[in-house]
Amino acid sequence: MSSITLKHVTKKFNTFSAVKELNLEIKEGEFFTFLGPSGCGKTTTLRMIAGFYYPTIGTIHFGDKDMTRVAPEKRNTGMVFQNYALFPHMTVFENVAFGLKVRKCAKSEVITRVEEALRKVRLEQLIDRQVSQLSGGQQQRVALARALVIEPDILLLDEPLSNLDARLRDEMRAEILRLQREYRITTIYVTHDQVEALTMSDRIAVFNTGECQQVGTPKQIYDEPANDFVASFIGETNLLSIQLAREDDEKIYVRLENDETTEMVIPKDRSNTIKDTPSALSIRPEAVEVSTKELEGANCFQGTIEMVQFTGAAEHLFIKVGEQTIQALVLNNHLWSERKKGESVWIRFPGEYVWIIPNVLGEGAHEK
Amino acid sequence: MRNKEMRFTMFLLIPVVLVLVGYVLYPSIRTLWESFFYKGSIGVGNYKAFFSPESLSNLEALWNSVYISLLSVLCSALIGIPLAFIFNKYEFPGRSFFSSVAILPMVLPSLVGVMAFMFLYGESGLIPNAIKDLFGLEKVPFKIGGVSGILIVHAYTMYVYFYMTVSSTIRNIDPSLEEAAFNLGASRLTVFRKVTLPLLTPAIVGASLLVFMTSMASFSAPFLLAGGFRVLSLQIYFSKINGNMEMAATQSVILSIVSISFLLFMRWYQNRKDYRMQAKGIGAHRSEVKNLFVKWTMVAIGVIGVIVLLLPHATILVLSLVLDGTWTWQTYPSVFNFENYMLLFKDPAIWDPVRHSLTLAFIATLGNLVFGVITSYVLVKRKFIGKNLVDSMVMLPWALPATVVGMNLILAFNERSILTFGHILVGTFWILPLAYFIRHIPLVVRSTNAALEQLDDSLEEAARNLGAKWFYTFRRIVLPLVLPGVLSGTLLAFVEAVGEFPTSVLLYTLNNRPISIEIMNQLRMFNMGQAAAYGMIQISLIAIVLFISNKFFGVKAERSL
Ligand SMILES: Nc1ncnc2c1ncn2[C@@H]1O[C@H](COP(=O)(O)OP(=O)(O)O)[C@@H](O)[C@H]1O
Ligand SMILES: [Mg+2]
């Protein structure tokens, strides 16, 4: 087990920078997730940690050992590949035993440890199977056992569940978490699936186009996203371009773009921006208050219903306010599904649920 | 660490490049260089002589080579393409047997094949004489020889290229494409013209060029059948025999240029159009033939085809049972026994060529195996600058006609050099294994490449991640997984080396004669039986090797083309 520190890590392929100026500290025993859309540099970063690529600039430490240029076979990391990379000419036993044989363990020890590892992933009865005869989920478990049996300092998982169907994915997610908690092993988990990231991780790093946008616990990432990219990538949100009007000691006052009249009041601790930079307002659909009666007070708007989507547990309302469409989510209480397009409703953005963030996606990114 | 990787690539690459430059590139350049020496001074005199209107022999040979090759393409296509369609589109009794017999010409080494054709259809051939006797004719109704002989032998051996490339394309065409076209209302003819044919074009063009190049390089057929008829590959041999090395070099250069330009054209064409199917594993469903008449016609064509295809093999077998001296003036042989085979084991002088061939082929193939695996690994799995250059050098022996490879070696290693550790190789034992080795570099590298490309990089990475060093990973993961592909290529190289004739005839030494040379000698002495027995040994070796590849490594013979 060991901590991992990346300092100023940049990786260039020819002139193209796949990872830019990355600084990360991953703690001992932590379940750490790299989350981001496809092509944002997650795999590249993981492969630098495993030693298959070397950073163009920057250093990588395991604990206080500099590993930046150490060969992959000397890093003692256990990696689970996206396609599992099981050796097709070997049995389950031989696959799992491979790392132990390389380490020149005694034969009897190899057998006990392989059996132990296979028991942990609940595959002990398939020990002599050829790996080609296994189902996707079973192959996944063999890959996990093979990585875990060498007692690696770090476990690296590159989208390990993306080749499985939905039900198996849920099952394996629980399995991986259970094993990680059991071994208490520092784990880096790569995924583009936000639900996976939110449910499994101690902490998450959100990537976009080679840059790390935010590091934080799932709650921080969801409730207090660092910018509009993070806010829109994780979960549903309403993003509105705004301008800062004025502020006093406790509150700030903002105006929506294209709306000179209404001023919104927001507690100061709900803002994450620096003055005079382009900003956006983010509010999650479940935080938007809706009412069929007129609402009074700050941060209220009148709108019309555009569409109601019934999803069983909840109802999604799409409400037109001026030029903008606001999404709201209410629990299924039979109040809204009868409502027709064009009916008047009132909505309120409660100040304590609003979150003001820098606008990094650029002009016009929030118009629907 | 990155430097360490780079150093390791260099460590593998440098021997590969040394071998390629020293034994492939340098001899070719040496030939080019030689062609510019004319009567002791440097100049284009040889080329002037080649194209001079006064002595037309060279120009005539060039022209003959080209037009025979074009006709060979036509004949092969006319046999191969329809057969591919019949055997892959329709289901009828015996189909799968006929279709596997269709590749039998591949199991016939060129020299043995030509010999069989001479006995079958030549002046005193069995078939013309049988027809003569059957119908009580005055003279034989037909005989092959000269151009027609060469053409028939070419068509027989080379139609397989068309048959196999077109077959594999037909099998890979997603049937839903044609069905989609029918569904959109297209007629049978329209579907064939607008859908099937365009999809087949790359295969047909590829096979045409392959047949063209092979015909240009063809040596055995003109050597035995032409009788005074000039083709370029043979002219090189005669120039060399007459000691006119400069002209031999010039002819080699011109033949190579024609051959390589066709190869380059083929590469260009294949890169330009890529119609490969995306979806895999869809076997085209074959139509059942319902019309009884058509069905039995097809079966009849199949049966006749099989007989025609097997006749040469059968002839060699029968001839090998005829004791030399018992079949002289008679139309048909009458005495059959195993004496020729017994002699092989009793008479060391008769066994020796077999032993020589096996030894030579073994040494050459061992070299091919080691060199092929390293070269292919570097080419497929390692990054370095100049990969295309190395790749071209690997492919060069494939583009060069065998006669030219032989000439290159004669010119390059007829003198002492560091490449030969200060020896003169020509006239020694080592020149033949070297020639076989060079000839078969492309074959082994290509089959290994195919296997390595199938191997996912992540397997190697997984092993390294689990703590295995490079060599351990290579031994335990890479080698076992690519071995079937490697061995199938290597075994094929071995049988080709056993049957190799053109380079052998240029380079052999008297006390180290391989089988094909001995076949030639026996034919010259009219010892048909002994020649045929040697031929049977070659045929059986090839059959055994193909059987082993197929059974134990699951390799289909057609993949090795
Ligand atoms: N070996 C490579 N050579 C060149 N470009 C690469 C290489 N590996 C990755 N890239 C590029 O780097 C970017 C990040 O890739 P990757 O780390 O695989 O993304 P992902 O976040 O989907 O795992 C992509 O644009 C990809 O095309
Ligand atoms: Mg990836």
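**Some details on the pattern of salt bridges**
Reasoning step 1: The final tally for this structure, using the stated rule, is 24 salt bridges over all chains.
Reasoning step 2: A:Arg113 is the partner of A:Glu109 in a salt bridge, and the nearest nitrogen-oxygen pair spans 2.9 Å. Highlighted residues: A:Glu109 and A:Arg113, both in helix 3 (residues 107–120), separated by four residues, approximately one helical turn.
Reasoning step 3: Among the ionic pairs, B:Arg439 bridges to B:Glu500, the shortest N-O distance being 3.2 Å. Remark: B:Glu500 occurs in the loop between helix 20 (470–499) and helix 21 (502–507) and B:Arg439 occurs in helix 18 (residues 431–454); sequence separation between them is 61 residues.
Reasoning step 4: Residue B:Arg439 is classed as partly exposed on the basis of its relative accessible area, which comes to 23%.
Reasoning step 5: A single salt-bridge network, built from bridges that share partners, covers A:Glu116, A:Arg119, A:Lys120, A:Arg122, A:Arg141, A:Glu171, A:Glu175, A:Arg178 and A:Glu182.

**Structural notes on unusual backbone geometry**
Residue and element names in this part refer to chain A.
Reasoning step 1: A positive phi angle is found at Arg-122, which is not glycine, with a value near 60°.
Reasoning step 2: Relative to the elements of secondary structure, Arg-122 occurs in the loop between helix 3 and helix 4 (136–149).
Reasoning step 3: In this model, Glu-151 sits at a positive phi of 45°, which is unusual for a non-glycine residue.
Reasoning step 4: Assignment of secondary structure puts Glu-151 in the loop between helix 4 and strand 7 (154–158).
Reasoning step 5: On the accessibility criterion, Glu-151 (53% relative accessible area) is exposed.

**Here we look at the sheet that holds strand 5 (residues 65–66) of chain A**
Residues and elements named next belong to chain A.
Reasoning step 1: Judged by pairing direction, the sheet is antiparallel, and its four strands sit side by side in the order 2-1-4-5 without closing on themselves. Single-partner strands in this sheet number two, and they are strand 2 (16–26) and strand 5.
Reasoning step 2: Direction of pairing for strand 1 (residues 4–13) relative to strand 4 (residues 57–62): antiparallel, over a ladder of five bridges. Across the sheet, the residue bridging to Lys-7 is Thr-59, located in strand 4.
Reasoning step 3: Of the strands in this sheet, strand 1, strand 2 and strand 4 touch helix 1 (residues 42–50), which is tilted by about 120° from strand 1.

**Here we look at the interface of chain A and chain B**
Reasoning step 1: At the interface, 29 residues of chain A touch 21 residues of chain B.
Reasoning step 2: The contact between chain A and chain B buries some 2,200 Å² in all, and 62% of this surface belongs to carbon and sulfur atoms.
Reasoning step 3: It is A:Glu73, A:His89 and A:Phe98 that lose the most area in chain A upon contact with chain B, and together they represent 26% of the buried surface on that side.
Reasoning step 4: Here chain A and chain B share two salt bridges between them.
Reasoning step 5: Counting every contact that joins chain A to chain B gives eight residue pairs in polar contact (both at pLDDT 80 or more).
Reasoning step 6: Elements with a minimum of two residues in the side of chain A that touches chain B: helix 1, strand 6 (77–80) and helix 2 (92–102) of chain A.
Reasoning step 7: At four residues, helix 2 of chain A tops the list of elements feeding residues into the side of chain A that touches chain B.

**With respect to the domain arrangement of chain A**
All names here are of chain A.
Reasoning step 1: Per the domain assignment, the segments of chain A are domain 1 (4–223) and domain 2 (228–358).
Reasoning step 2: Relative placement of domain 1 and domain 2: their C-alpha centres are 39 Å apart.
Reasoning step 3: Each partner contributes to the roughly 960 Å² buried at the junction of domain 1 and domain 2, and carbon and sulfur atoms together form 66% of this total.
Reasoning step 4: Its largest share of buried area at the contact with domain 2, domain 1 owes to Gln-194, Tyr-222 and Asp-223, together 48% of the area lost on that side.
Reasoning step 5: The interface formed by domain 1 and domain 2 contains zero salt bridges.

**Topic: the domain arrangement of chain B**
Residues and elements named next belong to chain B.
Reasoning step 1: Taken domain by domain, chain B holds domain 1 (1–34 + 336–561) and domain 2 (62–230 + 263–320).
Reasoning step 2: Each partner contributes residues to the interface: domain 1 has 33 residues there, and domain 2 has 27 residues.
Reasoning step 3: Buried area between domain 1 and domain 2, summed over both chains or domains, comes out near 2,600 Å², and the portion from carbon and sulfur atoms is 83%.
Reasoning step 4: Applying the counting rule to domain 1 against domain 2 returns zero salt bridges.
Reasoning step 5: There are one residue pair in polar contact (both at pLDDT 80 or more) connecting domain 1 and domain 2.
Reasoning step 6: Listed by contribution, the elements that provide at least two residues to the side of domain 1 that touches domain 2 are helix 14 (339–346), helix 16 (387–399), helix 21, helix 22 (515–524) and helix 23 (528–553).
Reasoning step 7: Element by element, the count of residues in the side of domain 1 that touches domain 2 is highest for helix 23, at twelve residues.
Reasoning step 8: Per-class residue counts for the side of domain 1 that touches domain 2 are 23 nonpolar, eight polar and two charged.

The rules we used
Residues numbered from 1 in each chain as written. Chains lettered and ligands numbered in written order. Predicted model: local features only at pLDDT ≥ 70, side-chain atom pairs only at ≥ 80, totals over all residues. Heavy atoms only, no water. Salt bridge = Lys/Arg side-chain N within 4 Å of Asp/Glu carboxyl O. Helix = DSSP H or I, 4+ residues; strand = E, 2+ residues; numbered from the N terminus. Buried < 20%, exposed > 50% of the residue type's maximum accessible area, 1.4 Å probe, protein only. Pairing = 2+ DSSP bridges. Contact = heavy atoms within 4.5 Å. Axes fitted to C-alpha atoms, helices over the stretch in contact; angles between N-to-C directions. Buried area = accessible area lost by both parts, 1.4 Å probe. Polar contact = N/O pair within 3.5 Å; in protein donor to acceptor, adjacent residues only side chain to side chain. Domains from an automatic or database assignment. Nonpolar A, V, L, I, M, F, W, Y, C, P; charged D, E, K, R; others polar.

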